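Structure at a glance
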Amino acid sequence: MKILVLNNSTSKGGAAKAANRILESVMCVDNNIQCEIIADKIQKTKSYHKNVNHSASELFFRTAIDYFPRLLLTDTKKGRYSFWFIGKQLNDFIKNYKPDIIHLHWINEGFIEKDFFEFVNNWNIPIVVTMHDSWYFTGGCHITYDCEKYQNICKNCPQVKFDSIFNFAKRQFELKERLFTKNNFNFVAPSNWLKENAEKSTILKNSKIVNIPNPIDTNLFAAHEKAVAKVKLDLPINKRYILFGSSSFDENKGYSLFLKALENIKLRDDVEFLFFGSEFKHNVKFRYTNMGYIDNEERLSYVYAAADFTIVPSLQENLSNVIMESLASKTPVIAFNVGGNCDMIKNKFNGFLIEDISSDSLRRTIEEALQVGNKEFMDNNARKYVVENFDYKVIGQKYLNLYKEILGKNNG
């Protein structure tokens, strides 16, 4: 079986991380499968990473044509909108490669052109699409927020300036309806929430959509003892830590809500915050340590393990890598009950799910979590739930079954 995986990048973003993990999980259960990830932007860290042939000027040109309309016509803090003006021509590459199945992930930022889908539809090449957000069934937005126009027709998009004049969303919506509804398409939603939304959409309501979560390597994200993790990171053993992945540029990640929750929070003297990701640059009354950007997953696993709780206050999530990584590292998570969070967090079993999306509810839940008397129970449940439901062997087998089902259907 020859699987060709297409994703914009091999290393940048949650979709790249998921694409790598899905491929590794499949090879974990069947090492005879030939799998490769073909990417536009490549940091070759794995043997299965391959780049498409292009010049630096071509890549810059395509990326610029994607970037500048977004900069001029959308509010980037509201999340990404992809206009899909340009993409790379991959038809000849596909003809030469001759894959049994093409597995698509995140294909935006000038990566894949529209004509690619005309080509694969005409050649009847089986397509698996793992959706990492809502883009495949909207007029261009990746995060829908409260908008439900995708259930009828996307037009006058609230995320795009002058859309009532230029009809960007409507034109792209109609194009996707024509391209993505062929019989050779098989859609995967990592969360039940995304599956339900896709099934409500005009574009995918009649398509095959299955729920297969993203996997995680539970040997890499391991149950390190907290004292060991703290020593590894040069942190005081006698401190308790609350972990937060800071992301000030994306309102959807709940950064401003998190900051407001901390304005009146009451913490004991032995409690501090750990931040990783974007540098934390705020004058606050509480103590914190900034771990910076972490690109080494082994080190990241120790950061999770050192914490008592991880905070993920996103306003919308598909299937959060941060939540899954934290739980696998035996650290419960505090999050709002949005998107796919409830697929991973069971309230007061392996974390806290907050129904009321507000800074006050977040603050009160953090304070409650720090007083919980059954912390070891929650720690153990966090790890156990991930191992049973999201481990490589579990998810790899599900994808392998899907591949075999598709090829059996096509060869039957």
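Our structure is the block above this text.
Please read these numbers as outputs of a predicted model, since none were measured by experiment.

**Things to note about the packing of aromatic side chains**
Taken as a whole and assessed by the stated rule, the structure comprises 33 aromatic pairs. For the pair phenylalanine 349 and phenylalanine 377, a centre-to-centre distance of 6.0 Å together with 90° between the ring planes defines the contact as edge-to-face. A residue pair is termed long-range when its members are at least 10 positions apart, and phenylalanine 349 in the loop between helix 12 (341–344) and strand 13 (351–354) and phenylalanine 377 in helix 14 (residues 375–390) qualify at 28 residues. In this structure phenylalanine 349 comes out as partly exposed when scored by relative accessible area, which is 31%. The exposure class assigned to phenylalanine 377 is partly exposed, which follows from its relative accessible area of 42%. Taken together, Trp84, Phe116, Phe117, Trp135, Tyr136, Phe180, Phe185 and Phe187 form an aromatic cluster joined through their ring pairs. Taking NZ or CZ as reference, lysine 176 lies 3.7 Å from the ring centre of tryptophan 135, over its face. Here the guanidinium or amino end of lysine 375 rests over the ring plane of phenylalanine 309, the centre of that ring lying 4.9 Å away.

**Things to note about the nonpolar core**
Grouped together as the largest cluster of nonpolar side chains are 47 residues, with contacts concentrated most on Leu6, Ile102, Leu104, Phe116, Phe117, Met131 and Phe180. Put simply, the parts of the chain that give this core at least two residues each are strand 1 (2–9), helix 3 (91–97), strand 4 (101–104), helix 4 (115–123), strand 5 (127–130), helix 6 (168–179), strand 6 (185–189) and helix 7 (192–200). Top element by residues in this core is helix 6. It accounts for five residues. Judged by nonpolar contacts, the second largest core, of 33 residues, contains Ile294, Ala307, Met324 and Ala335.

**Focus on helix 13 (residues 359–370)**
Along an α-helix, residues three or four positions apart point the same way, because every turn accommodates 3.6 residues. With twelve residues, helix 13 should cover 16 Å at 1.5 Å per step; its first-to-last C-alpha distance of 17 Å lies within 8% of that length. The element helix 13 is extensively covered by neighbouring structure, given that nine of its twelve residues are classed as buried. Taken together, the buried positions of helix 13 are occupied by Ser359, Ser361, Leu362, Arg363, Thr365, Ile366, Glu367, Ala369 and Leu370. Among the structural elements, strand 8 (240–246), helix 9 (255–261), strand 9 (271–277), strand 11 (309–312), strand 12 (333–336) and strand 13 are those in contact with the buried residues of helix 13.

**Examining the environment of leucine 262**
Structurally, leucine 262 can be placed in the loop between helix 9 and strand 9. On the basis of relative accessible area, leucine 262 is assigned to the buried category, the value being 3%. The sequence separation of leucine 262 and glutamate 118 amounts to 144 residues, and the corresponding C-alpha distance is 51 Å. In contact with leucine 262, other than residues within four places in its own chain, are Phe273, Lys285 and Phe286.

**Observations concerning a nonpolar patch on the surface**
Residues Tyr67, Phe68, Leu71 and Leu72 make up a contiguous nonpolar surface patch of roughly 400 Å² in combined accessible area. By secondary structure assignment, the location of leucine 72 is in helix 2 (residues 56–73).

**Examining the environment of glycine 87**
Its place among the elements puts glycine 87 in the loop between helix 2 and helix 3. Taking the relative accessible area as the measure of exposure, glycine 87 reaches 16% and is therefore buried. For the pair glycine 87 and aspartate 115, spaced 28 residues apart in sequence, the C-alpha separation works out to 8.9 Å. Each residue touching glycine 87, except ones within four places of it in the same chain, is listed here: Arg62, Gly110, Phe111, Ile112 and Glu113.

**Observations concerning the pairing of strand 6**
A regular strand places its side chains on the two faces of the sheet in alternate fashion. With five of five residues buried, strand 6 lies mostly within the body of the structure. Where burial is concerned, the two faces of strand 6 agree: the one with Phe185, Phe187 and Ala189 and the one with Asn186 and Val188 are both buried. Relative to strand 6, strand 5 runs parallel, the two sharing four bridges. In the sheet register, isoleucine 127 faces strand 6, and the bridge partner there is phenylalanine 185.

What counts as what
Every chain begins its residue count from 1, and numbering advances along the sequence as written. Two thresholds apply to this predicted model, a pLDDT of at least 70 for residue-level local features and 80 or more for giving and counting side-chain atom pairs, whereas whole-chain, interface and lining totals are computed over all residues. The side-chain values count all of the structure's non-hydrogen atoms but skip hydrogen atoms and water molecules. Stacked, edge-to-face and tilted are the three classes for Phe, Tyr and Trp ring pairs, Trp counted by its six-membered ring, which pair at centre distances within 6.5 Å; planes under 30 degrees apart are stacked, over 60 edge-to-face, the rest tilted. Helix and strand labels come from DSSP, where a helix needs a run of H or I of at least four residues and a strand needs a run of E of at least two; each type is numbered from the N terminus. With a 1.4 Å probe rolled over the protein chains alone, any residue whose accessible area is under 20% of its type maximum counts as buried; one over 50% counts as exposed, and the rest are partly exposed. For a lysine, the NZ atom is tested; for an arginine, the CZ atom; a charge sits over a ring if that atom is within 6 Å of the ring centre and within 35 degrees of the ring normal. The term nonpolar core refers to a set of buried residues drawn from Ala, Val, Leu, Ile, Met, Phe, Trp, Tyr and Cys, joined through side-chain atoms within 4.5 Å. To estimate the expected span of a helix, count its residues, drop one, and scale the result by 1.5 Å. Only heavy atoms matter for contacts: two residues are in contact if any of them lie within 4.5 Å across the pair. Patch rule: a residue counts if its relative accessible area is over 30% and it has no salt bridge; like charges are joined within 9 Å, and nonpolar side chains (Val, Leu, Ile, Met, Phe, Trp, Tyr) within 5 Å. Computed by Shrake-Rupley with a 1.4 Å probe, the accessible areas treat only the displayed protein chains as cover when residues are assessed. For salt bridges, the criterion is a side-chain nitrogen of Lys or Arg within 4 Å of an Asp or Glu carboxyl oxygen. Paired strands, as defined in this entry, are two strands with at least two bridges between them according to DSSP.

Any functional reading would require information beyond the geometric quantities listed.
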